[in-house]
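Here is what each chain is made of, one letter per residue.
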Amino acid sequence: MRSPIARLAGIGAAAPATVVTNADLEKTLATSDQWIVERTGIRERRVLQPNESQSDLFVAASRDALAQAGIPFQAIDTIICGTCTPDRRLPAAACDIQAKLGGGTAAAFDVVAACPGWLYTLTVAEGLIASGNSKKILALGGDRVWSIVDREDRNTAVLFGDGAGGAVVVPATDERGILATALGADGTLADLLNIPAGGSNEPPSEQNIRDRRIYVQMAGREVFKVAVRRMAQACHQALGKAGIRADDIDLLVPHQANLRIINATAGEAGVPLDKVMVNVDRYGNTSAGSIPLALVQADGEGRLRPGMVVLLVSFGAGFTWGAVVIRW
Ligand code: ACO
């Protein structure tokens, strides 16, 4: 087993105050609390109000992560944000977050990898530490998914919410830290989960807004099948690289998209359900925010202790996927 290069010195996460329950959605959509709970495990999600920003969540999460790490924001040399819903089209979300945290000159950029955005970000952070280019990184992940779903489409509207989080990543000094990461993508399947308009091919127009092409379109059943297969593969790949057996995992923190996907992934990865962190019932799918939110909740519940082996795994639009093994 190789020694870790980078470790997570502190973590933080934040979700909006506004709660939208399944009962709230029943009022506007042909859906039911029973259908949503049975098919997804989701009971409620948190959503930002129009006068709130995704960067506000990142600022709150960053302050918590910095406090836990005992590192002032001024010491951060790099800010990386895994998101596909920046506050505005330009600049990168990381730049707006930097400004709200107090400015400075830290390098700031985004990683666009949908739901596994934070796992991609952690992997980039580890590489920047390995090269010596960065020493103290704010590695963030989160999405305002509610802003890109069609609230008139019951196939997608019930699944998502807003949330953000991240970690302060620094050079490892002992056996604690990132042991292995495994990332992958298959762009040939992109059409199964995408937003057709709003990019440079089809800039926003009255017509594509009317046709609802600025919102997420998803073939749910197909996504489900590929998600389970790719997440299981990513788990095995990352564990293989780390030289760790499934039996040695103390906590699995999977992407919180759907309870059935979580259970199937845990089964394929060989991790018993009592070692799996689940909070999809409270937040729905917050895309890149989902793993930090679950990790911070696990920490708050006393489920993370130094020396534990933690496995993170995610899957999303692209398709993209990834797994990260951490000795906590
Ligand atoms: N309320 C009531 N009925 C609904 C709803 C709803 N919200 N949504 C769909 N239905 C209906 C469908 O129209 C369909 O009706 P029909 O049989 O008359 O055609 C029926 O329910 C069954 O639909 P399916 O799509 O087969 O339902 P399934 O059991 O596959 O569940 C779901 C759908 C929850 C979307 C599931 O496929 C899923 O979770 N897929 C993964 C999607 C996902 O999580 N994507 C996020 C990004 S990727 C990731 O994060 C992993």
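Numbering of residues starts from 1 in every chain and runs along the sequence as written. Residue-level local features of this predicted model are given only where pLDDT is at least 70; pairs of side-chain atoms are given and counted only at 80 or more, and the full residue set underlies all totals for whole chains, interfaces and linings. Calculation of side-chain values draws on the structure's entire complement of heavy atoms; hydrogens and water are dropped beforehand.

Attention now goes to the overall build of the chain. Scanning the chain from terminus to terminus reveals 11 helices and 13 strands. Judged by the C-alpha coordinates and their principal axes, the chain covers about 55 × 45 × 35 Å. Any pair of residues with heavy atoms lying within 4.5 Å of one another is described as a contacting pair. In the chain, of all internal contacts separated by at least 6 residues, the share reaching a separation of at least 24 is 76%. Roughly 13,600 Å² of accessible area belongs to the chain as shown, and the carbon and sulfur atoms make up 50% of that amount. When charges are counted, neither His nor the chain ends are considered; positive counts come from Lys and Arg and negative counts from Asp and Glu. A single reference atom marks each charge: NZ on Lys, CZ on Arg, CG on Asp, CD on Glu. For the chain, the separation between the mean place of its 32 positive charges and that of its 34 negative charges on side chains is 2 Å. Each helix is a run of H or I in the DSSP string that is no shorter than four residues. Each strand is a run of E no shorter than two, and both are numbered from the N terminus. Accessible surface is estimated by sampling points in the Shrake-Rupley manner with a 1.4 Å probe; for residues, cover comes only from the protein chains shown.

With 48 residues, the main nonpolar core has Leu311, Phe315 and Val325 as its most contacted residues. For this core, the elements supplying multiple residues, two or more each, are strand S8 (177-185), helix H8 (220-242), helix H9 (259-269), strand S12 (309-316) and strand S13 (320-327). Considering each element in turn, this core owes the most residues, 10 residues, to H8. As annotated, the domain borders come from an automatic or database domain assignment. Both of domain 1 (6-174) and domain 2 (179-327) provide at least three residues apiece to this core. Excluding residues that lie within four positions of it along the chain, Leu311 makes contacts with Cys235, Leu239, Ile249, Leu251, Leu252, Val253, Ala323, Val324 and Val325. Membership of the second largest hydrophobic core comes to 31 residues, among which are Ile80, Val111, Ala139 and Ile291. Residues enter a nonpolar core if they are buried and are Ala, Val, Leu, Ile, Met, Phe, Trp, Tyr or Cys, with the set joined through side-chain atoms within 4.5 Å. When accessible area is computed with a 1.4 Å probe and restricted to protein chains, residues below 20% of their type maximum are described as buried, those above 50% as exposed, and intermediate ones as partly exposed.

Those residues of helix H4 (residues 93-101) that sit buried are Ala93, Ala94, Asp96, Ile97, Gln98 and Leu101. In this fold, the buried residues of H4 make contact with helix H3 (54-69), strand S4 (78-82), strand S5 (107-111) and strand S6 (137-144). Of the residues one or two after H4, Gly102 is the one with positive phi, at around 130°.

Looking now at the side chain of Asn22. Here Asn22 lies in helix H1 (residues 22-26). Classification of Asn22 as buried rests on a relative accessible area of 0%. Separated by 2.9 Å, the side chains of Asn22 and Asp33 make a polar contact. Apart from residues no more than four positions distant in its own chain, Asn22 is found in contact with Asp33, Ile36, Val37, Ile42, Arg43, Glu44 and Arg45. Within 3.5 Å is the distance limit for a polar contact, defined as a pair of N or O atoms, with the added protein rule that one can donate a hydrogen and the other accept it, and that residues adjacent in sequence qualify only through two side-chain atoms.

On to the site of the ligand. Here a residue is near a molecule or strand as soon as one of its heavy atoms is found within 4 Å of it. Residues in close proximity to the ligand total 23 residues, the closest being Thr31, Arg39, Arg221, His255 and Asn258. Residue Trp35 places a side-chain N or O atom 3.3 Å away from an oxygen atom belonging to the ligand. Gly220 places a polar main-chain atom, nitrogen or oxygen, 3.0 Å from a nitrogen atom of the ligand. Summarising the interface, the protein chains cover 78% of the accessible area of the ligand, which totals 1,000 Å² for the free molecule. Of all elements in the fold, only helix H2 (33-40), helix H6 (154-157), H8 and H9 reach the threshold of two or more residues within the shell around the ligand. Among the elements that line the shell around the ligand, the one with the most residues is H8, at 4 residues. Each residue belonging to the shell around the ligand can be placed in one class, and the counts come to 12 nonpolar, 7 polar and 4 charged. Looking at which domains feed residues into the shell around the ligand, each of domain 1 (6-174) and domain 2 (179-327) gives three or more. Amino acids outside the nonpolar list (Ala, Val, Leu, Ile, Met, Phe, Trp, Tyr, Cys, Pro) and the charged list (Asp, Glu, Lys, Arg) are all regarded as polar, and Gly is one of them.

Looking now at the packing of aromatic side chains. Each aromatic ring pair is summarised here by two numbers: the centre-to-centre distance and the angle between the ring planes. When two rings of Phe, Tyr or Trp (its six-membered ring) have centres within 6.5 Å they constitute a pair, described as stacked for plane angles under 30 degrees, edge-to-face for angles over 60, and tilted for the intermediate range. In total, this model carries 2 aromatic pairs according to the counting rule given. Geometrically, the ring pair formed by Phe315 and Trp321 is stacked, given 6.4 Å between the ring centres and 10° between the ring planes. Judged by relative accessible area, which is 4%, Phe315 ranks as buried. Its relative accessible area of 8% is what places Trp321 among the buried residues. Through pairs of rings, three or more aromatic residues link up here, namely Phe315, Phe319 and Trp321.

As for its placement among the helices and strands, Pro292 is situated in helix H11 (residues 290-300). Taking the relative accessible area as the measure of exposure, Pro292 reaches 1% and is therefore buried. Here the alpha-carbon distance between Pro292 and Gly142, two residues 150 residues apart in the chain, equals 8.3 Å.

Glancing now at the domain arrangement of the chain. Looking at the chain, the domain boundaries give domain 1 (6-174) and domain 2 (179-327). Taken together, the contact pairs 48 residues of domain 1 with 45 residues of domain 2. Taking both sides of the interface into account, the surface hidden between domain 1 and domain 2 amounts to around 3,400 Å²; carbon and sulfur atoms contribute 64%. Buried area: the accessible surface (1.4 Å probe) lost by two parts on joining, summed over both. A per-residue breakdown of the area domain 1 buries against domain 2 is headed by Cys115, Leu119 and Tyr120, which together make up 18% of the total. Here a salt bridge means any side-chain nitrogen of Lys or Arg lying within 4 Å of a carboxyl oxygen belonging to Asp or Glu. The interface formed by domain 1 and domain 2 contains 2 salt bridges. Arg212 is paired through a salt bridge with Glu152; the nearest N and O atoms lie 3.7 Å apart. Joining domain 1 to domain 2, the criterion identifies 16 residue pairs in polar contact (both at pLDDT 80 or more). Breaking the side of domain 1 that touches domain 2 down by element, the ones donating at least two residues are strand S1 (6-14), H2, strand S3 (44-47), helix H5 (117-131), S6, H6 and strand S7 (162-171). Here the element with the most residues in the side of domain 1 that touches domain 2 is H5; it accounts for 7 residues. For the side of domain 1 that touches domain 2, the per-class residue count stands at 20 nonpolar, 16 polar and 12 charged.

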